[in-house]
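Examination of the molecular architecture
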Amino acid sequence: KPGTLKARAPEVYKVKFTTTKGDVIIQVNRAWAPIGSDRFYNLVRGGFYKDAAFFRIVPRFVAQFGIPARPDVGAVWDHAYLVDDRVTQSNKRGTLTFATAGPNTRTTQIFINYSDNTSLDGQGFAPFGTVIEGMDVVDKFFAGYGEAPDQGRITAQGKAYLDKSFPNLDRIVNAVVMPADAPAPATEPDTKK
């Protein structure tokens, strides 16, 4: 429920996407776009992106995701709009930005910039994080369907529609917020002589 997922995100946090092509690590900087950063944090913690497909792949432009695998979940979030963040960073390669349908219409869809899409800066697209590991994985996402998957049908039918009509799409197997300061592994004493 959107109303229950309103925790304030840490100032800097990392998210690990386990995808069908490999792992992608994202670092989010709340100061860049606090409203979007908080939403992303809560969606990841709530399991929203599990099994979500990268349904719109436009080479040299963006890889888009954020319509959930389950239609009942998508319906609840469909109009959970966010007020726009001020654009403080540029849409450079590897940055993550919420998609919009106009002012103050961000919900759950996000894209990863494949190129330096600085023309998006003036259109109000506010990056909130960046891929710090695994951009080579993002580059390998299946692009053969282009913009063919219908977003309305994804929303209405979820994973079933994509599995049947677009079986080669890559997806997020799991998404987790990584521990802030994971301890280094303990070293074992050298017992060999």
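Above this text sits the structure in question.
Some thoughts on the nonpolar core
- Residues F17, I26, F40, Y49, F65 and L96 are the most contacted members of the largest nonpolar core, which totals 35 residues.
- With 4 residues, helix α1 (residues 34-45) is the largest single contributor of residues to this core.
- Apart from residues no more than four positions distant in its own chain, I26 is found in contact with Y13, K14, V15, F17, F40, L96, T130 and V131.
- Core analysis: the second largest hydrophobic core is formed by 9 residues, A53, Y161, L162 and F166 among them.

Considering the pairing of strand β4 (residues 62-65)
- Of the two faces of β4, the one holding V62 and Q64 and the one holding A63 and F65 are both buried throughout.
- A loop of 3 residues connects strand β3 (residues 56-58) with β4, the two strands running antiparallel in sequence, and R60 in this loop sits at a positive phi of about 65°.
- Direction of pairing for β4 relative to strand β6 (residues 110-113): antiparallel, over a ladder of 4 bridges. Bridging from a neighbouring strand, A63 pairs with I112 of β6.

Details of α1
- The first and last C-alpha atoms of α1 sit 16 Å apart over 12 residues, in line with the 16 Å expected at 1.5 Å per residue.
- Judged by how many residues are buried, α1 sits mostly within the fold: 9 of 12 residues are covered.
- Along α1, the residues that are buried comprise G36, S37, D38, R39, F40, Y41, N42, L43 and V44.
- Looking at the residues trailing α1, positive phi occurs at G47, about 80°.

Conventions used here
- Residues numbered from 1 in each chain as written.
- Predicted model: local features only at pLDDT ≥ 70, side-chain atom pairs only at ≥ 80, totals over all residues.
- Heavy atoms only, no water.
- Core = buried A, V, L, I, M, F, W, Y, C linked by side-chain atoms within 4.5 Å.
- Buried < 20%, exposed > 50% of the residue type's maximum accessible area, 1.4 Å probe, protein only.
- Helix = DSSP H or I, 4+ residues; strand = E, 2+ residues; numbered from the N terminus.
- Contact = heavy atoms within 4.5 Å.
- Pairing = 2+ DSSP bridges.
- Expected span 1.5 Å × (residues − 1).

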